[in-house]
Amino acid sequence: MEPVSESSRSRRRMTGAERREQLIQVGRALFADKGFDGTSVEEIAASAKVSKPVVYEHFGGKEGIYAVVIDREMQRLLSLVTQALSASHARVKLERAALALLQYIEESSEGFRILVRDSHAASGTGTFASLISDIASQVEDVLADEFMERGYDPKLAPMYAQMLVGMTALTGQWWLEVRKPRREEVAAHLVNLSWNGLTGLDPNPALTAATRGLVLSPAAETRTARPAERDSKEQEKLRREQEKAQEREQRERAKQLERQQRELEKAKEREQRERAKELERQTKEQEKLRREQEKAQEREQRERAKELERRQRERAKELERLQRERAKEFDRQQHGEI
């Protein structure tokens with residue numbers, strides 16, 4: 001057996017899952033650069049170095065790829081923000097939520113551009129506005145508890161949640177292009193405005209020690225840092241609220257666990273559907289191959305029958321010709337004897 005060359009190994013055919021992931025990544029880059037409407041199936045196929053039918057086979061068109069890309073980006077951003085909101089103290093929640101959005105923008109700029117640019121109906125999984133609404137619903141629960149503790153009307157929490165999340169989201173869109181100052185400084189100014197208000201702005205805002213240097217990860221377990229505020233008044237407030245915060249944190253962890261379980265179930269269902277589709281595709285390919293083989297056999301049999309029939313006709317003609325020649329020869333002989 002001849003050894004397999006490096007070139008032949010490099011040309012190894014991708015599996016269905018590998019091809020699918022390649023098309024998703026290629027589509028993601030093109031959607032971020034040109035938008036949904038500006039991207040064509042031809043461009044996706046050309047960038048992936050495949051034919052258009054391959055794209056249609058895996059996703060049914062660019063809409064299928066776009067839906068997967070949107071779903072992944074929304075799940076990643078929502079996971080980061082949900083993780084950030086699992087902290088115990090309200091200000092730390094706010095800091096980490098702002099930092100989570102900015103971290104997502106910095107680490108997944110292409111994904112954020114897709115979310116805020118199109119919000120196209122082809123996604124089938126919602127829009128950036130619906131994602132912001134989901135985040136606002138989580139912030140609403142946090143604000144409702146804080147309002148009740150401070151004697152404010154908890155019915156106003158939904159409105160304030162929309163204000164906070166909307167301010168942060170718009171700031172993120174602006175920061176996507178400028179990228180200055182660094183993300184922790186932007187988060188500190190966001191919290192400065194939302195926590196202190198215009199009348200109480202800190203001239204030199206900074207994140208608390210519980211948030212500085214924090215990098216969130218959707219797959220990582222949340223670890224709540226021990227509060228260590230520089231401001232003595234803030235430290236005292238944190239200590240007073242620790243007991244109350246524990247109960248809220250337990251509820252939030254239970255909610256987060258439930259959400260994660262739902263997400264895991266959805267992921268399993270998606271994987272099962274993809275496997276079923278891949279199995280169905282392979283079955284169809286095998287059936288198609290079998291039909292083609294049967295047709296080839298039928299064609300071969302017909303050609304053989306035609307060839308046999310042609311040879312029989314030629315033999316019959318040859319026999320007839322010989323008989324005519326013999327008859328003529330016999331006639332000549334008869335006339336010669338006379």
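Residues numbered from 1 in each chain as written. Predicted model: local features only at pLDDT ≥ 70, side-chain atom pairs only at ≥ 80, totals over all residues. Heavy atoms only, no water.

An unreviewed UniProt entry lists the protein chain under the name TetR family transcriptional regulator, from Microbispora catharanthi.

### Some details on the overall build of the protein chain
Heads up, the rule is: Starting at the N terminus, helices and strands are each numbered in turn, a helix being any DSSP run of H or I of at least four residues and a strand any DSSP run of E of at least two. Between buried and exposed lies partly exposed: a residue is buried under 20% and exposed over 50% of the maximum accessible area for its type, with that area taken using a 1.4 Å probe on protein chains only. Two residues qualify as a contact provided that any one of their heavy atoms is within 4.5 Å of a heavy atom in the partner residue. For accessible areas, the Shrake-Rupley method is used with a probe of radius 1.4 Å. Any residue's cover is judged against the shown protein chains and nothing else.
On a plain count of helices and strands, the protein chain comes out with eleven helices and zero strands. Ordering the α and β elements of the protein chain from the N terminus gives α-α-α-α-α-α-α-α-α-α-α. Sorting the 338 residues of the protein chain into buried and exposed places 36% on the buried side. Contacts in the protein chain between residues at least 24 apart in sequence constitute 71% of all its contacts with a sequence separation of at least 6. Summed over its atoms, the accessible surface of the protein chain is roughly 22000 Å², and 50% of this surface lies on carbon and sulfur atoms.

### What about the packing of helix α5 (residues 62-84) against helix α6 (residues 90-107)?
Worth spelling out the cut-off: For helices, the fitted line uses only the C-alpha atoms of the stretch in contact; every axis is such a line through C-alpha atoms, and the angle between N-to-C directions lies from 0 to 180 degrees. Oblique is the label for every angle not falling under 35 degrees (roughly parallel), over 145 degrees (roughly antiparallel), or within 65 to 115 degrees (roughly perpendicular). Each helix crossing is assigned a hand: it is left-handed if the near helix lies turned anticlockwise from the far helix by less than a right angle, otherwise right-handed if that turn is clockwise.
It is the contact of α5 with α6, at a shortest axis distance of 8 Å, that shows an interaxial angle of 155°. By the angle class used here, α5 and α6 are roughly antiparallel. Where α5 crosses over α6, the handedness of that crossing is right-handed. Mapping the contact onto sequence places E73, R76, L77, L80, V81 and A84 in α5 and K93, R96, A97, A100, L101, Q103, Y104 and E107 in α6.

### Structural notes on the UniProt feature "DNA-binding region" (unreviewed entry) in the protein chain
Spelled out, the test is: UniProt positions are given in the numbering used here, feature names are shortened, and annotations may be inferred rather than shown by experiment.
What UniProt calls "DNA-binding region" (unreviewed entry) maps, in this numbering, to residues 40-59. Helix makes up 80% of residues 40-59 and strand 0%, whereas the separation of the span's terminal C-alpha atoms amounts to 13 Å.

### A closer look at the packing of aromatic side chains
Just so we agree on the cut-off: By convention, a stacked pair of Phe, Tyr or Trp rings (six-membered ring in the case of Trp) has centres within 6.5 Å and planes under 30 degrees apart, an edge-to-face pair has planes over 60 apart, and any other such pair is tilted. A ring is scored as having a charge over it whenever the NZ atom of a lysine or the CZ atom of an arginine sits within 6 Å of its centre and within 35 degrees of its normal.
A complete count under the given rule lists four aromatic pairs for this structure. On the numbers, 6.2 Å between centres and 75° between planes, the contact of Y104 with F112 is edge-to-face. Pair check on accessibility: Y104 and F112 agree, each one buried. Ring-pair connections join several aromatic residues into one group, and the members of that group are F31, F36 and Y66. Lying over the aromatic face of F36, K62 brings its terminal NZ or CZ to 4.4 Å of the ring centre. Between R179 and the ring centre of W175, over which it is positioned, the NZ or CZ distance is 5.4 Å.

### So, α6
Counted only if it meets this: Working rule for helices: expected span equals 1.5 Å times residues minus one.
Helix length check: α6 (18 residues) gives 25 Å between terminal C-alpha atoms against 26 Å at 1.5 Å per residue, within 8%. Most of α6 is tucked away: 16 of the 18 residues are buried.

### Quick notes on the packing of helix α2 (residues 16-34) against helix α7 (residues 109-117)
Selection rule: Each residue is assigned to one class: nonpolar for Ala, Val, Leu, Ile, Met, Phe, Trp, Tyr, Cys and Pro, charged for Asp, Glu, Lys and Arg, and polar for all the others, Gly among them.
Between α2 and α7, the shortest axis-to-axis distance is 8 Å and the interhelical angle comes to 55°. Between α2 and α7, the crossing angle belongs to the class labelled oblique. Crossing hand, α2 versus α7: left-handed. Along its contact with α2, which presents R28, A29, F31, A32, D33 and K34, the element α7 presents E110, G111, R113, I114 and R117. Within the contact of α2 with α7, the residues separate by chemical class into four nonpolar, one polar and six charged.

### Observations concerning the pattern of salt bridges
Pairs may arise between side chains of opposite charge once their charged atoms sit close together. What counts is decided by this rule: Counted as salt bridges are all cases of a side-chain nitrogen of Lys or Arg within 4 Å of a carboxyl oxygen of Asp or Glu.
Applying the stated rule across the entire model yields 30 salt bridges. A salt bridge links E309 to R313; the nearest nitrogen and oxygen atoms lie 3.2 Å apart. Here the residue E309 and the residue R313 both occupy positions in helix α11 (residues 232-337), the gap between them amounting to four residues, near one helical turn. On the accessibility criterion, R313 (44% relative accessible area) is partly exposed. Overlapping salt bridges bring together E57, E278, R281 and E285 as one network.

### Thoughts on helix α3 (residues 41-48)
Definition in use: Comment: arc refers to directions from the helix axis out to C-beta atoms.
All of the buried residues along α3 are V41, I44, A45 and A48. Along the axis of α3, the buried positions cluster into a sector of 95°, meaning they face one direction only. In the core, the buried residues of α3 are packed alongside α2, α4 (52-59) and α5. Positive phi appears at K49, one or two residues downstream of α3, with a value of about 60°.

### Describing the side chain of S108
In this fold, S108 is placed in the loop between α6 and α7. Among the residues examined, S108 registers a relative accessible area of 4% and is labelled buried. In this structure, S108 is in contact with R28, E73 and R76, ignoring residues within four places of it in sequence.

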